[in-house]
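Architecture at a glance
The residues making up each chain are set out below.
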Amino acid sequence: MDILGYDDLWLKSSGAFDTASEISGQPELWGKVYNMVINERKEIQQYLDDVLPQVSRIILTGAGTSAFIGLSLQGTFKRNLKRHTDAVPTTDLVTNPEDHFSADETIMMVSFARSGNSPESKAAVDLGNKLSARCYNLIITCDPKGELAKFGSETSNLVLILPPESNDRSLAMTGSYSGMLLCGVLVSRINEVAKLESQVHALCLYGRRILSGYSSKLKEMAGKNFQRVVFLGSGPFFGTATESHLKLQEMTDGNIICKNDSYMGFRHGPKAVTNESTLMVFIFSNKDFTRQYEKDLVRGMKKGKKPLSSIAISEDRITDLNFDLMISICDPGAEKCLDQDLLPVCFILPGQLLGFYKSLALGLKPDNPSVTGAISRVVEDVHIYNYSI
């Protein structure tokens, strides 16, 4: 069986089978996540109907990759659930809880976690319950046996457990990230989720197009001699840029240094990182208003040191700018058809593929690329200290 251009036996012997399978299996996973939410929509709707009238603020949280889900969902939750929404990592919640919880505020905290076993994940829920007037917990996780899943027995909490395929075996989160991200979008739009079926079908089609049409081209790009990679994204795609930068950096065991930023933010100093060994990855909004600013930045790259190569990721083809690789996924000449809320789910695939192929090019094992053991599937050696009011 061929997976991402490699025989499965070779992948197994090279320590890459799990990562390759989990990246390529995401479009099918997304369909299963949608079906899961459809099957549980009455429970989700009832929970939100009961909780939201009492809530003044929503916190989206998680550690590492799981935290970046909130960066893509912050605006989606704010618009759809009509509540002020903050994306705050659990790593910030546990170190400075007084900055995020208040005794006179009722909140809903949405926790994302692959295993639910990171020490910060449980500690953040405990602190929210302890320091808020009331904290309602919506937990989205991939492991039914994890510590966070156990909170489902409490009436103020709702736990959503994704299909088993989402619980990645490899070190790097791939399907778990995109699956929880999609689940978050669907939860925020639960009152119209049945009508989103065609959108989810389009999302899965887009994912398959990226995998079938661009894997070999991204493998070729990964073979180039770049030492730095910069990912840029606006709005919900800032989360995509953030997760892409981590995915490539951790799958290459830190041999490739990555950076992420917004298009506008990149102008204010960070642009100095660009040099002749830099790969630029531009993740484009499908909103024409936002794209004006993004295109201006690309044109402004003519000033200063020129990058080694550039990649553009866009729903439709961008014809007035030049890139070394243009990844466009809607039918040629077709109008953009996918809601921007859903695009980050499939736009993460190029970053995952770049990380996978660059890891192999460097002689590493993508399933466990950390040669020294500096990073692990579940974070280790974290001590949680008691917080006293």
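Thresholds applied
Residues numbered from 1 in each chain as written. Predicted model: local features only at pLDDT ≥ 70, side-chain atom pairs only at ≥ 80, totals over all residues. Heavy atoms only, no water. Helix = DSSP H or I, 4+ residues; strand = E, 2+ residues; numbered from the N terminus. Buried < 20%, exposed > 50% of the residue type's maximum accessible area, 1.4 Å probe, protein only. Contact = heavy atoms within 4.5 Å. Areas by Shrake-Rupley, 256 points an atom, 1.4 Å probe, with all protein chains shown as cover. Lys, Arg positive; Asp, Glu negative; His and termini not counted. Charge placed at Lys NZ, Arg CZ, Asp CG, Glu CD. Core = buried A, V, L, I, M, F, W, Y, C linked by side-chain atoms within 4.5 Å. Pairing = 2+ DSSP bridges. Axes fitted to C-alpha atoms, helices over the stretch in contact; angles between N-to-C directions. Right-handed = clockwise from strand over helix to strand, strands pointing away. Phe/Tyr/Trp six-rings, centres within 6.5 Å; stacked < 30°, edge-to-face > 60°. Lys NZ or Arg CZ within 6 Å of the ring centre and 35° of its normal. Parallel < 35°, antiparallel > 145°, perpendicular 65-115°, else oblique. Left-handed = near helix turned anticlockwise from the far one by under 90°. Nonpolar A, V, L, I, M, F, W, Y, C, P; charged D, E, K, R; others polar.

A separate point is the overall build of the protein. Check the secondary structure of the protein and you find 14 helices and twelve strands. For the protein, the spread of C-alpha atoms along the principal axes amounts to about 55 × 45 × 45 Å. Counting across all 389 residues of the protein, residues that qualify as buried make up 58%. Of the contacts made within the protein by residues no fewer than 6 positions apart, 77% connect residues no fewer than 24 positions apart. Of the accessible surface of the protein, which amounts to about 16,100 Å², a share of 49% is contributed by carbon and sulfur atoms. For the protein, the separation between the mean place of its 41 positive charges and that of its 45 negative charges on side chains is 5 Å.

Attention now moves to helix α2 (residues 17–24). For α2, the buried fraction is high: seven of the eight residues fall into the buried class. Within α2, the full set of buried residues consists of Phe17, Asp18, Thr19, Ala20, Ser21, Glu22 and Ile23.

To continue, consider the nonpolar core. Nonpolar side chains in soluble globular proteins tend to be buried together. Grouped together as the largest cluster of nonpolar side chains are 94 residues, with contacts concentrated most on Met108, Ile311 and Phe356. When residues in this core are grouped by element, the largest group, eleven residues, is from helix α9 (residues 197–222). Each residue touching Met108, except ones within four places of it in the same chain, is listed here: Tyr47, Leu48, Val51, Leu52, Val55, Arg57, Ile58, Ile59, Leu81 and Tyr136. In this structure, Val125, Leu127, Cys135 and Phe151 belong to the second largest nonpolar core, which totals 16 residues.

Another aspect to go through is the environment of Ser328. Along the polypeptide, Ser328 turns up in strand β12 (residues 325–328). Placed 111 residues apart in sequence, Ser328 and Lys217 show a C-alpha to C-alpha distance of 13 Å.

This paragraph deals with the sheet that holds strand β9 (residues 257–261). An order of β9-β8-β10-β11-β12 is seen for the five strands of this open sheet, with the pairing classed as parallel. Lying at the two open borders of the sheet, with one neighbouring strand each, are β9 and β12. Averaged over neighbouring strand pairs, the angle between their axes works out to 15 degrees when direction is ignored. Sheet topology places strand β8 (residues 228–232) next to strand β10 (residues 278–283); five bridges connect them, and they run parallel.

By the criterion of burial, β8 is predominantly enclosed, with four of the five residues buried. As paired elements, β8 and β9 share five bridges and run parallel to each other. Pairing of Val229 across the sheet is with Cys258, part of β9. One crossover worth recording links β8 to the parallel β9 by way of helix α10 (residues 236–251), and it is right-handed.

Glancing now at the packing of aromatic side chains. Applying the stated criterion across every chain, the model contains ten aromatic pairs. When the ring of Phe282 is compared with that of Phe323, the centres are 5.8 Å apart and the planes differ by 55 degrees; the resulting orientation is tilted. Of this pair, Phe282 sits in strand β10 while Phe323 is found in the loop between β11 (309–314) and β12, placing the two residues 41 residues apart along the sequence. Classification of Phe282 as buried rests on a relative accessible area of 3%. Looking at Phe323, the relative accessible area reads 16%, which means it is buried. Members of the aromatic cluster, joined through ring pairs, are Tyr6, Trp10, Phe356 and Tyr357. Taking the ring centre of Phe17 as reference, the NZ or CZ of Lys12 above it sits at 4.9 Å. The ring of Phe226 carries the charged tip of Lys358 above its face, separated from the ring centre by 4.2 Å.

Turning to the packing of helix α3 (residues 26–39) against α9, a few remarks are in order. Across the interface, α3 lies against α9 with an axial gap of 8 Å and an inter-helix angle of 165 degrees. In terms of their interaxial angle, α3 and α9 are classed as roughly antiparallel. Considering how the two elements wind past one another, α3 and α9 form a crossing that is right-handed. Of α9, the residues touching α3 (which contributes Pro27, Glu28, Trp30, Gly31 and Tyr34) are Glu197, Val200, Leu203, Cys204, Gly207, Arg208 and Leu211. Each residue belonging to the contact of α3 with α9 can be placed in one class, and the counts come to seven nonpolar, two polar and three charged.

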